[in-house]
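Topology and contacts: notes
What follows is each chain in one-letter form.
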Amino acid sequence: MKIRLYCGEFAKDPPSYMEATKGMMAIVPKPRAQVYQQARSRIANKCSRFEKDDALSRHQVDELTAKLAAAGSVAAQASELASHPDKFSPEQANDLVKTIKLGGDSESLLALGDAVVTSAPAREAAFGSQATVEEAQIALQLVACSRGLDCSPSGALMTMYCANGGVCGSFFNFRDLVRRGLLTEAGSQQVDTLAQTFH
């Protein structure tokens, strides 16, 4: 499932993906252009075995996620919460957050990071009322880094921030990206505090 999400944009239409990269290179500021090109190329190289006909529709992704969730995958359950928060009661969202907090792996934490964007009960269960949507998501991504996620410049998380979000630069790791590329100093300190409280 994770590789499909990572490669989804590329697999929809590889030639168009590469053309879009060329087009963006013309408008991305030069100091970041090389890093942006490297991130897009990294996705293209890792996803080169996919072709346009391999792309999954959103409905198919939802079906696959539902099957994995029913089979007990905590990461899939968190993905379902992110995609369909209305299907979860506040109690169910709270229980899932507790499960991930106690022993969730990095993939579950990333999925929960998406869930706190769409589910207020999940955000409340994770951090109370002290976190904004952005802070909650970034804090969980930092926790995922501490639980084994590759948060180096060539890792999937930083690659996606650059290739899809345009947050590119000479960052040492994801924490450095947060500090220098995403948030103010005060905001960075806040997400560090939130991440520590989630452990």
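It should be noted that the structure appears before, not after, this text.
Residues numbered from 1 in each chain as written. Predicted model: local features only at pLDDT ≥ 70, side-chain atom pairs only at ≥ 80, totals over all residues. Heavy atoms only, no water.

A word on the overall build of the protein
Going by this rule: Only DSSP runs of H or I with at least four residues qualify as helices, and only runs of E with at least two residues qualify as strands; both kinds are numbered from the N terminus onward. The atom set for the radius of gyration is the C-alpha atoms, and the globule formula is 2.2 Å times the number of residues raised to the power 0.38. For each residue, the accessible area found with a 1.4 Å probe, counting protein chains only, is set against the maximum for its type, and the residue is called buried under 20%, exposed over 50%, and partly exposed in between. For this analysis, residues touch if any pair of their heavy atoms sits within 4.5 Å.
Assigned secondary structure in the protein consists of 12 helices and 0 strands. Going from N to C terminus, the protein has its helices and strands arranged as α-α-α-α-α-α-α-α-α-α-α-α. Taking 199 residues into account, the globule formula puts the C-alpha radius of gyration at 16 Å, and the protein, at 17 Å, falls close to it. In terms of overall dimensions, the protein has a C-alpha envelope of 45 × 40 × 25 Å along the principal axes. For the protein, with 199 residues in total, the buried portion stands at 40%. Taking as baseline every contact in the protein between residues at least 6 positions apart, the subset at least 24 positions apart corresponds to 63%.

Describing the side chain of Ser108
In this structure, Ser108 sits in helix H7 (residues 106-118). Under the relative-accessibility criterion, Ser108 is labelled buried at 3%. Sequence-distant contacts of Ser108, that is, excluding residues within four places in its chain, are made with Val74, Ala75, Ala78 and Ile100.

Notes on helix H2 (residues 14-25)
The following threshold applies: Any helix carries an expected span of 1.5 Å times its number of residues minus one. What the arc covers is the set of directions going from the helix axis to the C-beta atoms.
Under the 1.5 Å per step criterion, the end-to-end length of H2 is 17 Å for 12 residues, consistent within 8% with the ideal 16 Å. All buried positions along H2 are accounted for by Pro14, Tyr17 and Thr21. End-on, the buried residues of H2 take up no more than an arc of 55 degrees, which puts them together on one face. Projecting away from the buried face of H2 at angles above 90 degrees are the exposed residues Pro15 and Lys22.

Remarks on the state of the cysteines
Selection criterion: A pair of cysteine sulfur atoms is labelled a disulfide when the two atoms are within 2.5 Å.
As enumerated under the stated definition, the model contains 3 disulfides in all. Residue Cys7 pairs covalently with Cys47 via a disulfide, S to S 2.0 Å. Residues Cys7 and Cys47 share a disulfide whose torsion about the S-S bond is about -75 degrees; that sign makes it left-handed. On the criterion of sequence distance, the pair formed by Cys7 in helix H1 (residues 2-12) and Cys47 in the loop between helix H3 (30-46) and helix H4 (58-70) is long-range, its members being 40 residues apart. Linked covalently through their sulfurs, Cys145 and Cys151 form a disulfide whose S-S length is 1.9 Å. Torsion about the S-S bond of the Cys145 and Cys151 cystine: about -90 degrees, corresponding to left-handed handedness. Residue Cys151 is classed as buried on the basis of its relative accessible area, which comes to 10%. Disulfides within the protein link the bonded cysteines, taken in sequence order, as 1-2, 3-4, 5-6.

Here's the deal with the environment of Ala69
For Ala69, the location among the structural elements is in helix H4. Along the backbone, Ala69 and Ala131 are 62 residues apart, and their C-alpha atoms lie at a distance of 27 Å. When near neighbours in sequence (up to four residues on either side) are disregarded, Ala69 contacts Ala76, Gln77 and Glu80.

What about the nonpolar core?
Keep this limit in mind: The set of buried Ala, Val, Leu, Ile, Met, Phe, Trp, Tyr and Cys residues whose side-chain atoms join them within 4.5 Å is what this entry labels a nonpolar core.
In terms of nonpolar packing, the biggest core is built from 38 residues, with Leu112, Phe127, Ile138, Phe174 and Phe198 touching the most fellow members. Secondary structure elements with two or more residues in this core: helix H5 (74-83), helix H6 (90-103), H7, helix H8 (120-127), helix H9 (133-146), helix H10 (156-165), helix H11 (174-182) and helix H12 (185-198). Of all the elements, H9 adds the most residues to this core, at 7 residues. Excluding residues that lie within four positions of it along the chain, Leu112 makes contacts with Ala78, Val97, Ile100, Leu140 and Phe198. One finds Cys7, Val28, Ala39 and Ile43 within the second-largest nonpolar core, a separate group that totals 14 residues.

Structural measurements only, silent on function.
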